[in-house]
Amino acid sequence: MMTEPNGLISALDGAQGRIDALAGQQAAGMPLPELVAAGVAEASAMLRIMLAAEHKPYAHDADLLELWKALVKGAPHWNTIRDNCRELVFYQNCLKAGRADALPAQPERMVIHTLRHICLYLRSHVEQNNGDDV
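Residues numbered from 1 in each chain as written. Predicted model: local features only at pLDDT ≥ 70, side-chain atom pairs only at ≥ 80, totals over all residues. Heavy atoms only, no water.

## Digging into the overall build of the protein
Counted only if it meets this: Only DSSP runs of H or I covering at least 4 residues are called helices, and only runs of E covering at least 2 are called strands; the numbering of each starts at the N terminus. What the globule rule says is 2.2 Å times the number of residues to the power 0.38, and the radius of gyration is computed from C-alpha atoms. For every residue, the accessible area obtained with a 1.4 Å probe (protein chains only) is divided by the maximum for its type, and the residue is called buried under 20%, exposed over 50%, and partly exposed between those limits. Any two residues whose heavy atoms approach within 4.5 Å are treated as being in contact.
When helices and strands are counted, the protein shows 5 helices and 0 strands. Taken from the N to the C terminus, the helices and strands of the protein come in the order α-α-α-α-α. The C-alpha atoms of the protein give a radius of gyration of 15 Å, which matches the 14 Å a tight globule of 134 residues would have. Seen along its three principal axes, the alpha-carbon backbone of the protein occupies a region of about 45 × 25 × 25 Å. For the protein, the residues scored as buried account for 42% of the 134 residues in total. Look at the contacts in the protein between residues 6 or more apart in sequence, and 64% of them connect residues 24 or more apart.

## Side note on the nonpolar core
Note the cut-off: Nonpolar core, defined: a set of buried Ala, Val, Leu, Ile, Met, Phe, Trp, Tyr and Cys residues in which side-chain atoms within 4.5 Å join the residues together.
Core analysis: the largest hydrophobic core is formed by 44 residues, its most contacted members being Met50, Trp78 and Ile81. Contributions of two or more residues to this core are made by α1 (5-27), α2 (32-53), α3 (64-72), α4 (82-96) and α5 (107-129). If one sorts the elements of this core by residue count, α2 sits on top with 11 residues. Among residues more than four places away in sequence, those in contact with Ile81 are Leu47, Trp68, Ile118, Tyr121 and Leu122.

## Let's talk about the packing of aromatic side chains
Using the following cut-off: What counts as a ring pair is set by centres within 6.5 Å for rings of Phe, Tyr and Trp (its six-membered ring), and what kind of pair is set by the plane angle: stacked under 30 degrees, edge-to-face over 60, tilted for all other angles.
The full count for this structure, using the stated rule, is 2 aromatic pairs. Plain terms: the ring middles of Trp78 and Tyr121 are 5.7 Å apart, the flat faces sit at 80° to each other, and that makes the pair edge-to-face. On the criterion of sequence distance, the pair formed by Trp78 in the loop between α3 and α4 and Tyr121 in helix α5 is long-range, its members being 43 residues apart. Residue classification places Tyr121 among the buried residues on the basis of a relative accessible area of 19%.

## Focus: unusual backbone geometry
The general pattern is negative phi for most residues beyond glycine and trans for most peptide bonds. Of note, the phi angle at His55 is positive, near 55°, even though the residue is not glycine. Locating His55 in the fold gives a position in the loop between α2 and α3. Classification of His55 as exposed rests on a relative accessible area of 52%. Backbone geometry at Gln106 places phi at a positive 50°, although glycine is not the residue there. Note that Gln106 resides in the loop between α4 and α5.

## Structural notes on the side chain of Asn84
Formally: Any pair of N or O atoms that falls within 3.5 Å is considered a polar contact. Within protein, one atom must be able to donate a hydrogen and the other to accept it, and sequence-neighbouring residues count only if both atoms are side-chain atoms.
Tracing the sequence through the fold places Asn84 in helix α4. The exposure class assigned to Asn84 is buried, which follows from its relative accessible area of 11%. At a separation of 2.9 Å, a polar atom in the side chain of Asn84 contacts the side chain of His117. With residues up to four places along the chain from it excluded, the contact list for Asn84 reads Thr114, His117 and Ile118.

## A look at the packing of α3 against α4
Selection criterion: Axes here refer to lines fitted to C-alpha atoms; in helices the fit is confined to the stretch in contact. Angles between the N-to-C directions go from 0 to 180 degrees. Relative orientations are named as follows: roughly parallel for angles under 35 degrees, roughly antiparallel for angles over 145 degrees, roughly perpendicular for angles from 65 to 115 degrees, and oblique for any other angle. In this scheme the crossing of two helices becomes right-handed for a clockwise turn of the near helix relative to the far one and left-handed for an anticlockwise turn of less than a right angle. Each residue receives one of three labels: charged for Asp, Glu, Lys and Arg, nonpolar for Ala, Val, Leu, Ile, Met, Phe, Trp, Tyr, Cys and Pro, and polar for the others, Gly being one of them.
Look at α3 against α4: their axes get within 9 Å of each other, and the N-to-C directions meet at 165°. Classified by the angle their axes make, α3 and α4 are roughly antiparallel. Considering the relative orientation of α3 and α4, their crossing is left-handed. Together, Leu64, Leu65 and Trp68 of α3 and Arg82, Cys85, Arg86, Leu88 and Val89 of α4 make up the contact between the two elements. Partitioning the contact of α3 with α4 into residue classes produces 6 nonpolar, no polar and 2 charged.

Right, here's the structure in full:
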């Protein structure tokens, strides 16, 4: 388990690198369903990093919102990323229901923007807390 701030920063830097690569794929025309699936997977991976750092249990097969609920328990500051997680799940649900018409304008760009926001919040939180009570 990673509890050292440098380990967390390194793990989040890895996530940022994957988000940047995904942004390149998005710009190259990656299909929206694949982009959303990759975005949800990356957001879930970032939350698992923080759950491990905080020694919080979660179900192995937990979805993004279940991971967020486990993370926010006892730490209300994680509500900051709630709407970002919900947005990604909304995109996923619209696509699964065949309702791409319900998506906002430029959902491809919004997926990347949302992932960057989550990553930035997680990283700034780790930096501000120096790994203490992550």
